[in-house]
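Close look at the chain arrangement
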Amino acid sequence: MAAPSASMDNNNPNHPKLSKTEKKFLRKQTKARHTLLRHEGIESVSHATESLVIANGGLGNGVSRTQLLRVLERCGSVEALLMPPNKPYSFVRYRTKEESKRAYATLNGKEMVDDLGQNITLYLNFVEKVHWQGLRPPVLPPGLMIVEEIVSPEDEKMLLESIDWTDNSLGQNAQKSLKHRKVKHYGYEFRYDNNNVDKDKPLPGGLPDICNTILEKCLKEGHIKYFPDQLTVNQYEPGQGIPPHIDTHSAFENEIISLSLGAEIVMDFKHPDGYTVSVMLPQRSLLVMTGESRYLWTHGITPRKFDVIQASQRQKSGVITSDAGNLTLNKRRVRTSFTFRKVRRTPCDCSYPLFCDSQSCHQNETFPSFPENDKEASELEQEYVHRVYEEIAEHFSSTRHTPWPQIVAFLKALPKGSIVADIGCGNGKYLGLNKEIYMIGCDRSQNLIEICGERQFQAFVCDALTVPIRSETCDACISIAVIHHFATAERRLATLQELARLLRPGGRALIYVWAMEQEYNKQKSKYLKGSRDSDEKKEHFSSGVLASGPLGEQNPGTSNHDSVCSISAINDLTREEGSNANGVINSKLPVHINRTSFHSQDVLVPWHLKRGPTREKHSEPQKLKSDPVGLPDSTPIFHRYYHVFCEGELEAACRMLNNISIQQSYYDQGNWCVIFKKL
């Protein structure tokens, strides 16, 4: 079907001159245009340009570069085709406007068959400019190496033929058919119930003799230090994979090597901070994991029938970049992996104790327990909030510079001459926003208050529990990412009471706290989606010491929780002695892994300190066994206490105040937020 005129003069689905078929097409085209704008920020234009966005024509819905180019080049000379990874759209730029108009008229509404054999319909719209900014050029995780063509095609054939998948006996080896793959074990059976091996029960027969040649070669070339005594053979059909995981530290020695036979595959490696690297493992290559890549990064294979790979020829192994101009799809084939390990006989003493099962019992002796009373809560806050922010103040301030829209809107809407207190002001990024109001800030960190002074802001040191300002003198108060640093429900309620005390009748308070739900209404927060490159994103976009929170665009939503009206009820809602998401009781505070969902409401959140040229501090990071987490820059790590709030919890706490009314309660990019008014 030919599309309506490219001038879009008639591009109204209700236009009387259009046929029923044309109206149906335009409705779908308009829907595609609005979807791209709403979800991707891609704005189309009503006039013809050289560039087009092609909805449904992307790698994310099974269209390969070769396949799409073949269709597009029928309409003219294609200067560029950008196919963002995992997206259901692409961009094309033609040499002339006439060619792009021809493509718009010819291809709009055209059906094509994707690489999965499914019919899809293309919808094209003009765009002014095309900008696709990928992530920084990725590099292989430290300790990861790929050796291409480690075996010959003849040796590959013999290795594959040596595995008899029809033999289901559990004699010489252990064979299982898992949900996503077939697997055989040699030497020792890897038990998936406890992710370990029974070191006292070796399998008869040991490793197949046919593997000796390749293992001796690996020893000679220095890829391994020990001759392996355990082999796992996995067979993956197209569409199968293996979940992200770290091989159990206590089970195996440092070196893990894996042969890829029969086909190539893309394996995903993910750092605890959320940074992901997709790596091509060519057919007949050897993957070597040691050090950080073995102990710290998860590795896994996404179950799918096509991989996104580099379109340019000759790049066999290495990182799959996000260059949208050089990506295509590669159909998977049956792949068999031979993964060799050496069973560990002594406890693991690696430099990554946060992720080490051998050292986990020692961690429980080091990290603090959930406070049982007000005294313990105060001591916990002193060590894991106050002292930490004094140490990280300079680095923390350097990452806190962008005000967040809904907080700005609250401050801008206040009447001229209003007196406003920012309780937990951090480096003062909200103190100077509205020149027509009078703002004063306070914070528990002396070093952050000094930064406020250098910026000519009025601020002083105090605790949010006892603010030295007269009662009923403020027209408004803000508390941005503060209250979640208090370690008991009673202390959190006391900070809310203090805010209400400061307000004059009719005054309003805005409160933000971290949310347990970092995925809400099927949308991930910016914290979960953020990259490892941005320090401001890396630590939840926080504001100040009594302070630190994940702030972004507002997504209002009134809470359904209306009536939790006692301290005991809030305690029931928020904890059972530090219980996790599965209800397992554990009195020790868990250490949260950055850029991941929360599994416990009371956690220690790492801060990876980068020392600046000024304000150098003499004291050392907390002497926890977990300090050397093993980031590439080996930065010192501090741990901050947080209580992340469940839906309805903040609103329920506010309702316990007898002199306020809640005006608004909403979720804002990983935060629960309340605005209340003093009666």
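Just so it is clear, the structure is predicted and the values come from calculations on it, not from any experiment.

Looking now at the side chain of Asp268. Structurally, Asp268 can be placed in strand S15 (residues 265-270). Buried and without a salt bridge, Asp268 has Arg304 as its closest oppositely charged side chain, separated by 4.3 Å. A polar contact is formed between the side chain of Asp268 and the side chain of Thr302, at a distance of 3.0 Å. Beyond its immediate chain neighbours, meaning those up to four positions away, Asp268 contacts Thr276, Val277, Ser278, Thr298, His299, Gly300, Thr302 and Arg304.

Turning to the pairing of strand S16 (residues 276-281), a few remarks are in order. Bridging between S15 and S16 involves six bridges; their strand directions are antiparallel. From the neighbouring strand, Phe269 faces S16, where its bridge partner is Val277. With two bridges joining them, S16 and strand S20 (residues 318-319) adopt antiparallel strand pairing. Of the residues in S20, the one forming a bridge with Met280 is Gly318.

So, about the pattern of salt bridges. With the rule as written, the count across this model stands at 21 salt bridges. Close ionic contact of Glu149 with Arg284 constitutes a salt bridge, the shortest N to O distance being 3.1 Å. Highlighted residues: Glu149 in the loop between strand S7 (144-147) and helix H4 (153-161) and Arg284 in the loop between S16 and strand S17 (285-289), separated in sequence by 135 residues. Glu149 sits in the partly exposed class, given a relative accessible area of 37%. Under the relative-accessibility criterion, Arg284 is labelled buried at 16%. Note that Arg501 and Glu498 form a salt bridge whose closest N and O atoms lie 2.8 Å from each other. With Arg501 and Glu498 both in helix H11 (residues 489-502), this residue pair falls three residues apart, about one helical turn.

Before going further, it helps to spend a moment on the packing of aromatic side chains. Per the stated rule, a full pass over the model turns up 10 aromatic pairs. Where Phe396 meets Trp607, the ring centres are 5.6 Å apart and the plane angle is 45°; that geometry is what we call tilted. One end of the pair, Phe396, is in helix H8 (residues 374-398); the other, Trp607, is in strand S30 (residues 602-608), and 211 residues separate them in sequence. Each member of the pair, Phe396 as well as Trp607, carries the same accessibility label: buried. For the ring pair Tyr512 and Tyr666, a centre distance of 6.2 Å and an interplane angle of 80° mean the geometry is edge-to-face. With Tyr512 in strand S27 (residues 503-514) and Tyr666 in strand S32 (residues 660-667), this pair connects stretches of sequence that are 154 residues apart.

Here strand S3 (residues 89-94) lies mainly inside the structure; five of its six residues are buried. Two elements, strand S1 (residues 51-55) and S3, share five bridges in a ladder whose sense is antiparallel. Following the sheet pairing, Ser51 is matched in S3 by Arg93. The sheet contact formed by strand S2 (residues 78-82) and S3 spans four bridges and is antiparallel. Bridge pairing in S3 links Leu81 to Val92. The antiparallel hairpin formed by S2 and S3 contains six residues in its connecting segment, where Asn86 sits at a positive phi of about 65°.

Helix packing for two helices is described by the angle between their axes and how far apart those axes are. Between H8 and helix H10 (residues 446-454), the shortest axis-to-axis distance is 7 Å and the interhelical angle comes to 35°. Each of Tyr389, Glu390, Ala393, Glu394, Phe396 and Ser397 in H8 lies in contact with H10, whose residues at this interface are Gln446, Asn447, Leu448 and Ile451. For the contact of H8 with H10, the per-class residue count stands at five nonpolar, three polar and two charged.

Read across the sheet, four strands follow the order S2-S3-S1-S6 without closing on themselves; strand pairing throughout is antiparallel. Edge positions in the sheet fall to S2 and strand S6 (123-127), since each has one partner strand and no second. Within this sheet the neighbouring strands show an average axis-to-axis angle of 25°, counted without direction. Running at roughly 155° to S6, helix H3 (residues 97-107) makes contact with S1, S3 and S6 of the sheet.

With that out of the way, let us pick up a positive patch on the surface. On the surface, Lys20, Lys24, Arg27, Lys28 and Lys31 cluster together into a positively charged patch. With respect to the secondary-structure elements, Lys28 resides in helix H1 (residues 20-40).

For the rest of this paragraph, the subject is the sheet that holds strand S24 (residues 438-443). One open sheet holds the seven strands; their spatial order is S25-S24-S23-S26-S27-S33-S32, and the pairing between them is mixed. Looking along the sheet, the strands with just one partner apiece sit at the ends: strand S25 (459-461) and S32. Neighbouring strand axes in the sheet, compared pairwise and without regard to direction, differ in orientation by 15° on average. Packing against the sheet, helix H9 (residues 405-412) makes contact with strand S23 (419-423), S24, strand S26 (474-480), S27, S32 and strand S33 (671-678), and its axis sits at approximately 170° to S27.

Once that is clear, we can look at the environment of Thr336. One can find Thr336 in strand S22 (residues 335-341). Judged by its relative accessible area of 5%, Thr336 is buried. Through-space distance from the C-alpha of Thr336 to that of Tyr236 is 6.2 Å; in sequence the pair is 100 residues apart. Those residues in contact with Thr336 that lie beyond four places of it in its chain are Leu160, Val233, Asn234, Gln235, Leu259, Ser260 and Leu261.

Of all hydrophobic cores here, the largest spans 33 residues; its most connected members are Ile423, Cys477, Leu496, Ile511, Cys654 and Phe676. Sorting the residues of this core by element identifies S23, S26, H11, S27, helix H15 (649-655), S32 and S33 as the ones contributing at least two each. Sort the elements by how many residues they give to this core and H11 lands first, with five residues. Not counting chain neighbours up to four residues away, the residues in contact with Ile511 comprise Ser479, Ile483, Leu496, Leu499, Leu650, Cys654, Trp672, Cys673, Val674 and Phe676. Of all hydrophobic cores here, the second largest spans 31 residues; its members include Ala103, Leu107, Met280 and Ile309.

Overall, the prediction assigns the protein chain a mean pLDDT of 80, with 77% of residues at 70 or greater. Contacts for the low-pLDDT stretch residues 4-10, under 50 throughout, to residues beyond four places or in other chains number 19 contacts. Of the regions scoring below 50 in pLDDT, residues 531-586 engages in 205 contacts with residues more than four places distant in sequence or in other chains.

Parameters and conventions
Residues numbered from 1 in each chain as written. Predicted model: local features only at pLDDT ≥ 70, side-chain atom pairs only at ≥ 80, totals over all residues. Heavy atoms only, no water. Helix = DSSP H or I, 4+ residues; strand = E, 2+ residues; numbered from the N terminus. Buried < 20%, exposed > 50% of the residue type's maximum accessible area, 1.4 Å probe, protein only. Lys, Arg positive; Asp, Glu negative; His and termini not counted. Salt bridge = Lys/Arg side-chain N within 4 Å of Asp/Glu carboxyl O. Polar contact = N/O pair within 3.5 Å; in protein donor to acceptor, adjacent residues only side chain to side chain. Contact = heavy atoms within 4.5 Å. Pairing = 2+ DSSP bridges. Phe/Tyr/Trp six-rings, centres within 6.5 Å; stacked < 30°, edge-to-face > 60°. Axes fitted to C-alpha atoms, helices over the stretch in contact; angles between N-to-C directions. Nonpolar A, V, L, I, M, F, W, Y, C, P; charged D, E, K, R; others polar. Patch = residues over 30% accessible without salt bridge, like charges linked within 9 Å, V, L, I, M, F, W, Y side chains within 5 Å. Areas by Shrake-Rupley, 256 points an atom, 1.4 Å probe, with all protein chains shown as cover. Charge placed at Lys NZ, Arg CZ, Asp CG, Glu CD. Core = buried A, V, L, I, M, F, W, Y, C linked by side-chain atoms within 4.5 Å. pLDDT = per-residue confidence, 0-100.

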